[in-house]
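# Architecture and fold: a report
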Amino acid sequence: MFPKRIRSMRRRRPRLPIAGIALPGGLIVLILLSIQQALALPFWGTAPLPPTGTPTPERVPSSTPTLPPPTATPLPTRIPTPTGTPTPTPYPFFQEPLPPSDGTPRALQVPILMYHYISDPPPGADRLRLDLSVRPSQFEAHLQYLRQAGYETVSLSDLIFHLTQGKPLPPRPVVLTFDDGYRDAYEEAFPLLQRYGFRGTFFVLTGRADEGDPRYLSWEQIRRMSEDGMEIQLHGREHIPLNGRDEAFLFYHIIGGKQSIEAHTGRPVRFFAYPSSVYDETLIRFLEGYRFWGAVTTAYGADERLENRFLWPRIRIRGTDDVQRLAEKLRQIPRP
């Protein structure tokens with residue numbers, strides 16, 4: 001009796017439907033998936049790694065623009081120096097046109113004396129050094145003679161103004177030039193010129209001053225000489241031939257040197273002395289194009305005209321030239 005009843009009770013035990021169990025679980029999963037998609041969150045709490053080689057999607061900007069953070073004023077970008085011949089950073093420099101001519105043709109025969117070293121040659125000096133060296137006592141004797149003979153120093157610019165506009169010159173004009181810008185130009189020549197009331201024109205190598213070469217003039221010495229009435233003109237950056245060069249090379253060595261002198265003295269550079277007196281038509285056209293007024297060579301003579309102002313000759317003063325020899329050279333120049 002009892003076993004049948006038990007079986008009957010088992011048959012009557014209520015059973016929960018499977019759908020009733022699965023439905024709540026399915027709703028939960030659907031709700032979680034909806035929240036994950038709405039919040040763009042990983043379902044299991046960690047973002048899946050993107051496959052190798054697949055780019056990460058870009059972030060979409062919001063509709064509200066975001067102002068960039070304030071930045072300081074940028075500094076000027078330094079232009080890298082190109083390979084080959086460097087070109088100086090351009091900045092304003094004097095480019096004075098030649099003074100207008102009054103139409104009257106003129107010619108001059110003013111002696112332009114050419115000195116180099118004003119110092120005693122060192123022991124063991126070679127023939128070139130001896131030839132270019134005028135001892136300070138010898139140079140002072142030259143100045144004494146020039147003053148006693150009635151010579152007055154003028155500048156190369158004075159010659160140009162006379163040729164173009166007839167500006168008067170003294171009865172016996174002379175131009176004193178000094179090539180290369182050696183240190184003795186400041187230590188020996190400069191004080192002697194001041195003592196005798198003369199003015200000199202110094203063709204300097206700006207690269208030597210830039211490097212602080214103790215054998216050559218410093219920028220401070222150049223500035224002092226300019227302030228005291230000496231003319232500072234250009235011999236180039238380095239003492240190298242400038243013929244057969246392209247425009248970039250000439251710009252670096254000539255305009256770069258011109259800019260340096262003008263920046264240190266505040267006065268225009270108008271004249272050029274060819275290193276070793278080497279030149280060609282390209283170099284002359286370059287100088288004229290950048291409004292130099294003229295140039296001097298080492299050719300012997302005294303012939304100054306507008307037509308040959310880039311080839312003016314000079315009278316070389318050698319180490320063996322005493323006062324008598326100087327007077328003889330000057331006598332060979334006809335009086336104006």
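No experiment lies behind these values; they were computed from the predicted model shown. (Residues numbered from 1 in each chain as written. Predicted model: local features only at pLDDT ≥ 70, side-chain atom pairs only at ≥ 80, totals over all residues. Heavy atoms only, no water.)

Another point: the pairing of strand β6 (residues 200–205). Here β6 lies mainly inside the structure; 6 of its 6 residues are buried. Neither face of β6 is exposed, since Gly200, Phe202 and Val204 on one face and Thr201, Phe203 and Leu205 on the opposite face are all buried. Here strand β5 (residues 173–180) pairs with β6 via 5 bridges, running parallel. From the neighbouring strand, Asp180 faces β6, where its bridge partner is Val204. As for the winding sense of the linkage, the β-α-β connection from β5 through helix α6 (residues 184–196) to β6 is right-handed. (Buried < 20%, exposed > 50% of the residue type's maximum accessible area, 1.4 Å probe, protein only. Helix = DSSP H or I, 4+ residues; strand = E, 2+ residues; numbered from the N terminus. Pairing = 2+ DSSP bridges. Right-handed = clockwise from strand over helix to strand, strands pointing away.)

This structure, assessed with the given rule, holds 15 aromatic pairs. Between Phe272 and Phe292 the ring centres are 6.5 Å apart and the planes differ by 75°, which places this aromatic pair in the edge-to-face class. Of this pair, Phe272 sits in strand β8 (residues 271–273) while Phe292 sits in the loop between α10 (281–289) and β9 (294–300), and the two are 20 residues apart along the sequence. Taken as a pair, Phe272 and Phe292 share a single burial class, namely buried. Aromatic pair Phe286 and Tyr290: ring centres 4.7 Å apart, planes at 45°, arrangement tilted. Members of the aromatic cluster, joined through ring pairs, are Tyr115, Phe139, Phe178 and Phe202. Residue placement shows Arg129 over the ring face of Tyr117; its charged tip is 3.6 Å from the ring centre. Geometry around Tyr252 places Arg237 over its ring, the cationic atom sitting 4.5 Å from the centre. (Phe/Tyr/Trp six-rings, centres within 6.5 Å; stacked < 30°, edge-to-face > 60°. Lys NZ or Arg CZ within 6 Å of the ring centre and 35° of its normal.)

Looking at the element boundaries, Pro99 is found in the loop between α2 (18–39) and β1 (112–115). For Pro99, a relative accessible area of 7% translates into the label buried. Pro99 sits 61 residues away from Ile160 along the chain, and the two C-alpha atoms are 7.8 Å apart. Setting aside residues no more than four positions away along its own chain, Pro99 makes contact with Ile160, Phe161, Thr164, Gln165 and Trp293. (Contact = heavy atoms within 4.5 Å.)

The next subject is the confidence of the model for the protein. Per-residue confidence for the protein gives a mean pLDDT of 82, with 72% of residues at or over 70. Here residues 1–30 scores under 50 on pLDDT; set against residues more than four positions off or in separate chains, the count is 1 contact. Of the regions scoring below 50 in pLDDT, residues 35–90 engages in 21 contacts with residues more than four places distant in sequence or in other chains. (pLDDT = per-residue confidence, 0-100.)

Although it is not a glycine, Ser276 sits at a positive phi angle of roughly 60°. Along the polypeptide, Ser276 turns up in the loop between β8 and α10. Of note in the backbone geometry, Ser277 takes a positive phi value of approximately 60° without being a glycine. Within the secondary structure, Ser277 sits in the loop between β8 and α10.

This brings us to the layout of surface pockets. Each pocket or cavity is described by its volume, and for the second largest pocket that value is around 210 Å³. Listing elements by their share of the lining of the second largest pocket, those giving two or more residues are α3 (127–132) and β5. Its residues assigned to classes, the lining of the second largest pocket shows 4 nonpolar, 6 polar and 3 charged. (1 Å grid on protein atoms, 1.4 Å probe; cavity = no way out; pocket = protein on both sides within 12 Å on 5 of 7 lines; lining within 4 Å. Points joined across faces, edges and corners; volume = space filled by probe spheres on them. Nonpolar A, V, L, I, M, F, W, Y, C, P; charged D, E, K, R; others polar.)

Topologically, Asp180 is positioned in strand β5. One buried charge, Asp180, has no salt-bridge partner; the nearest side chain with opposite charge is Arg314, at 8.1 Å. Reaching out from Asp180, the side chain makes a polar contact with the side chain of His239 at a distance of 3.5 Å. With near-sequence residues (within four places) excluded, Asp180 lies in contact with His116, Phe203, Val204, Leu205, Tyr216, His235 and His239. (Lys, Arg positive; Asp, Glu negative; His and termini not counted. Salt bridge = Lys/Arg side-chain N within 4 Å of Asp/Glu carboxyl O. Polar contact = N/O pair within 3.5 Å; in protein donor to acceptor, adjacent residues only side chain to side chain.)

This part covers the pattern of salt bridges. Applying the stated criterion across every chain yields a total of 22 salt bridges. Where Arg199 meets Asp158, a salt bridge forms, and the shortest distance between an N and an O atom there is 3.1 Å. On the criterion of sequence distance, the pair formed by Arg199 in the loop between α6 and β6 and Asp158 in helix α5 (residues 156–165) is long-range, its members being 41 residues apart. For Asp158, a relative accessible area of 13% corresponds to the buried category. Between Asp213 and Arg215 there is a salt bridge whose closest N-O contact spans 2.8 Å. A residue is classified by how much of its surface remains accessible, and Arg215, at 55% relative accessible area, is exposed. A cluster of three or more residues bridged by salt bridges with shared partners is formed by Arg208, Glu211, Asp213, Arg215 and Glu238.

A few words on the environment of Met225. Residue placement: Met225 occurs in helix α8 (residues 219–227). Here Met225 is in contact with Ala185, Tyr186, Phe190, Phe202, Leu217, Met230 and Ile232, once residues within four sequence places are set aside.

This part is about the pairing of β5. For a regular strand, the rule is simple: side chains alternate between the two faces of the sheet. Within β5, 8 of the 8 residues are buried, leaving the element largely enclosed by the surrounding structure. Note: strand β4 (residues 152–153) against β5, 2 bridges, orientation parallel. Bridge assignment links Glu152 to a residue of β5, and that residue is Pro173. In terms of handedness, the path from β4 via α5 over to β5 forms a crossover that is right-handed.

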